[in-house]
Amino acid sequence: TLVWIKMYIGNYLYPTLAATVVTLPIIYFYFGRVSWISPLANIIVLPLVPLIMGMTALMIGFSSISIILGQIMAWLVYGPLAFMVAVIRIIGRLG
């Protein structure tokens, strides 16, 4: 499990924190405030992004073959998307 933790930190935690630190001045300039809890949301939902993108690409491909196949894929991708939105809403209420 230690290898998995190191992989998670290297693949998700460091890039997320680096992107947050780099964009903080821009976010503050445009919005006048910075959410300090947003990195937590990013760390939780970030592993879902490649899955959602892949499933969405399949949905588009299947839709070009058959609208029914596209709708089936749309229902399948709905679950991860709904989870992602729920996590973001819950964490957004904390901040």
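Regarding the overall build of the protein
Along the backbone of the protein there are 4 helices and 0 strands. Ordered by position in the sequence, the α and β elements of the protein form the string α-α-α-α. Here the C-alpha atoms of the protein give a radius of gyration of 17 Å, more than 25% beyond the 12 Å that 2.2 N^0.38 yields for 95 residues. Taking all 95 residues of the protein together, 20% fall into the buried category. Accessible surface, the protein: about 7200 Å² in total, of which carbon and sulfur atoms supply 76%.

So, the packing of aromatic side chains
Summed over all chains, the structure comprises 2 aromatic pairs. Both rings, one in Phe29 and one in Tyr30, keep their centres 5.1 Å apart while their planes meet at 90°; by these two values the pair is edge-to-face. A residue is classified by how much of its surface remains accessible, and Phe29, at 65% relative accessible area, is exposed. Given a relative accessible area of 62%, Tyr30 falls into the exposed group.

Considering helix H2 (residues 38-45)
Those residues of H2 not exposed but buried are Pro39, Ala41, Ile43 and Val45. Buried residues along H2 sit against helix H1 (2-31), helix H3 (48-65) and helix H4 (67-94).

Things to note about the packing of H1 against H2
Contact geometry of H1 with H2 gives a least axis separation of 10 Å together with a crossing angle of 145°. With respect to the hand of their crossing, H1 and H2 are arranged in right-handed fashion. Together, Tyr8, Leu13, Thr16, Leu17 and Thr20 of H1 and Pro39, Asn42, Ile43 and Ile44 of H2 make up the contact between the two elements. Here the residues of the contact of H1 with H2 are counted per class, giving 6 nonpolar, 3 polar and no charged.

Focus on the packing of H3 against H4
Two elements in contact, H3 and H4, have axes separated by 7 Å at closest approach and are oriented at 165°. Comparing the axis directions of H3 and H4 gives the class roughly antiparallel. H3 and H4 meet at a crossing whose hand is left-handed. Only Ile67, Leu69, Gly70, Met73, Ala74, Leu76, Val77, Pro80, Leu81, Phe83 and Met84 of H4 make contact with H3, whose side of the interface consists of Leu48, Val49, Leu51, Ile52, Met55, Thr56, Leu58, Met59, Phe62, Ser63 and Ile65. Of the residues assigned to the contact of H3 with H4, the class counts are 19 nonpolar, 3 polar and no charged.

Here is what the cut-offs are and how they apply
Residue indices begin from 1 for each chain and proceed along its sequence in written order. Selection of residues for local features in this predicted model requires a pLDDT of at least 70, selection of side-chain atom pairs for listing and counting requires 80 or more, and totals for whole chains, interfaces and linings are taken over all residues. Values reported for side chains reflect all heavy atoms of the structure, with hydrogen atoms and water molecules removed beforehand. Helix and strand definitions here come from DSSP, where helices need a minimum of 4 consecutive H or I residues and strands a minimum of 2 consecutive E residues; each element is numbered from the N-terminal end. Throughout, radius of gyration means the C-alpha value; the globule benchmark is 2.2 Å times the number of residues raised to the power 0.38. With a 1.4 Å probe rolled over the protein chains alone, any residue whose accessible area is under 20% of its type maximum counts as buried; one over 50% counts as exposed, and the rest are partly exposed. Working definition of accessibility: Shrake-Rupley area with a 1.4 Å probe, residue cover restricted to the visible protein chains. When the centres of two rings from Phe, Tyr and Trp lie within 6.5 Å, Trp using its six-membered ring, the rings pair. Their planes under 30 degrees apart give stacked, over 60 give edge-to-face, and anything left gives tilted. Any pair of residues with heavy atoms lying within 4.5 Å of one another is described as a contacting pair. For helices, the fitted line uses only the C-alpha atoms of the stretch in contact; every axis is such a line through C-alpha atoms, and the angle between N-to-C directions lies from 0 to 180 degrees. When the near helix sits turned anticlockwise from the far one by under a right angle, the crossing is termed left-handed; a clockwise turn instead gives a right-handed crossing. All residues other than Ala, Val, Leu, Ile, Met, Phe, Trp, Tyr, Cys, Pro, Asp, Glu, Lys and Arg, Gly among them, are scored as polar; the first ten of these are nonpolar and the last four charged. Each angle is binned into one of four classes, with values under 35 degrees roughly parallel, values over 145 roughly antiparallel, values of 65 to 115 roughly perpendicular, and all other values oblique.

From the geometry alone we can't say anything about function, so treat these as descriptive.
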